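Survey of secondary and tertiary structure
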Amino acid sequence: ANYRILTGVARAVKREEAVSGDNYSFTNLGVGRMVASLSDGMGSGEQACKESEEVIEMFEHYVEAGFTKEAAVQMINTTIVARSNEQMLSSIDICDINLYEGVCDILKIGASTTFVKRESKVETIASTSLPLGVFHKLDYDAETIKLYDGDYIVMVSDGVLDQLSDKNAEEVIAKILN
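Description of the structure in this document.

Criteria and cut-off values
Residues numbered from 1 in each chain as written. Predicted model: local features only at pLDDT ≥ 70, side-chain atom pairs only at ≥ 80, totals over all residues. Heavy atoms only, no water. Core = buried A, V, L, I, M, F, W, Y, C linked by side-chain atoms within 4.5 Å. Buried < 20%, exposed > 50% of the residue type's maximum accessible area, 1.4 Å probe, protein only. Contact = heavy atoms within 4.5 Å. Helix = DSSP H or I, 4+ residues; strand = E, 2+ residues; numbered from the N terminus. Polar contact = N/O pair within 3.5 Å; in protein donor to acceptor, adjacent residues only side chain to side chain. Salt bridge = Lys/Arg side-chain N within 4 Å of Asp/Glu carboxyl O. Pairing = 2+ DSSP bridges. Axes fitted to C-alpha atoms, helices over the stretch in contact; angles between N-to-C directions. Patch = residues over 30% accessible without salt bridge, like charges linked within 9 Å, V, L, I, M, F, W, Y side chains within 5 Å. Areas by Shrake-Rupley, 256 points an atom, 1.4 Å probe, with all protein chains shown as cover. Phe/Tyr/Trp six-rings, centres within 6.5 Å; stacked < 30°, edge-to-face > 60°. Lys NZ or Arg CZ within 6 Å of the ring centre and 35° of its normal.

A few points about the nonpolar core
- The biggest cluster of nonpolar side chains holds 17 residues, and the ones touching the most others in it are Phe 59, Val 73, Ile 92 and Leu 132.
- Look past the residues within four positions of Ile 92 in its chain and what remains in contact with it is Leu 38, Ser 39, Val 55, Phe 59, Val 73, Leu 107, Lys 108, Ile 109, Ala 111 and Leu 132.
- Judged by nonpolar contacts, the second largest core, of eleven residues, contains Leu 99, Ile 106, Val 116 and Ile 125.

This is how it looks when you write it as structure tokens:
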């Protein structure tokens with residue numbers, strides 16, 4: 001592969017909770033692709049953690065089995081919607097990086113803004129779709145970006161943005177990253 005990726009994670013929990021409702025994964029697919037995924041279970045605490053962990057595990061299993069990320073999230077959504085007796089809503093944010101070409105496919109379902117820092121500018125990639133489990137027909141936001149040496153992709157859950165009292169939390173995070 002022409003590109004290498006360094007990954008890192010920072011986590012925090014709400015003051016009144018023992019665990020975070022967010023889960024993540026870095027999956028090396030072994031064919032010059034690395035997929036970073038972040039899921040935010042609705043609410044906080046153990047139940048939200050369990051829900052987002054289930055979404056991440058299902059996603060990993062499907063993409064490792066060879067399904068496209070779009071097919072994987074559709075199957076996850078169908079599974080969640082089929083559980084009519086329990087309401088489970090989770091977001092998923094996916095960055096599928098081609099390590100040969102330096103191209104990143106971003107797929108967002110109910111997810112918070114993703115930030116791409118490049119030299120002296122920060123690009124924001126927002127989502128307008130609803131989380132998994134709301135409708136049978138899945139709606140998602142997708143974008144493809146070219147990556148260059150030194151770029152940073154910063155994926156956050158809504159908990160990060162909620163900690164900023166500023167109405168323009170995305171702008172504040174972009175300024176911090178810059």
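Details of unusual backbone geometry
- Its identity as a non-glycine residue notwithstanding, Glu 119 has a phi of 50°, on the positive side.
- In this fold, Glu 119 is placed in the loop between β5 (114-118) and β6 (121-125).
- Residue classification places Glu 119 among the exposed positions, given a relative accessible area of 72%.

Quick word on the environment of Leu 130
- Tracing the chain through its elements places Leu 130 in the loop between β6 and β7 (141-146).
- For Leu 130, a relative accessible area of 46% corresponds to the partly exposed category.
- Sequence-distant contacts of Leu 130, that is, excluding residues within four places in its chain, are made with Ile 109, Gly 110, Phe 135 and Asp 139.

Side note on the side chain of Asp 96
- Among the secondary structure elements, Asp 96 is positioned in strand β3 (residues 90-98).
- A polar side-chain atom of Asp 96 sits 2.8 Å from a polar atom in the side chain of Arg 33.
- Within the structure, the side chain of Asp 96 is placed 3.3 Å from the side chain of Lys 69, a separation counted as a polar contact.
- Contact partners of Asp 96, with chain neighbours within four places excluded, come to Arg 33, Met 34, Val 35, Lys 69, Val 103, Cys 104 and Asp 105.

Quick look at the pattern of salt bridges
- Counted according to the given criterion, the structure contains six salt bridges.
- For the salt bridge of Asp 96 with Lys 69, the shortest nitrogen-to-oxygen distance reads 3.3 Å. Within this pair, whereas Asp 96 is found in strand β3, its partner Lys 69 is found in helix α2 (residues 69-82), the two being separated by 27 residues in sequence.
- With a relative accessible area of 10%, Lys 69 lands in the buried category.
- The network of salt bridges with shared partners includes Arg 33, Lys 69, Glu 70, Asp 96 and Asp 105.

A short note on the sheet that holds β7
- One open sheet accounts for five strands, arranged β1-β2-β3-β4-β7; its pairing is antiparallel. Each end of this open sheet is capped by a strand with a single partner; those strands are β1 (22-28) and β7. The mean angle between the axes of side-by-side strands here comes to 10°, regardless of whether they run parallel or antiparallel.
- Strand direction decides the pairing type here: strand β2 (residues 33-41) and β3, joined by nine bridges, are antiparallel.

What to know about a nonpolar patch on the surface
- Judged by side-chain polarity, Val 9, Tyr 24 and Phe 26 come together as a nonpolar surface patch covering roughly 260 Å² of accessible area.
- With respect to the helices and strands, the residue Tyr 24 is situated in strand β1.
- According to the relative accessible area criterion, Tyr 24 is partly exposed, its value standing at 35%.

Description of the packing of aromatic side chains
- As enumerated under the stated definition, the model contains two aromatic pairs in all.
- With centroids separated by 5.8 Å and ring planes inclined at 85°, the aromatic side chains of Tyr 62 and Phe 67 adopt a geometry described as edge-to-face.
- Classification of Phe 67 as partly exposed rests on a relative accessible area of 38%.
- A cation over an aromatic ring shows up here: Lys 146 above the ring of Tyr 148, its NZ or CZ 5.7 Å from the ring centre.

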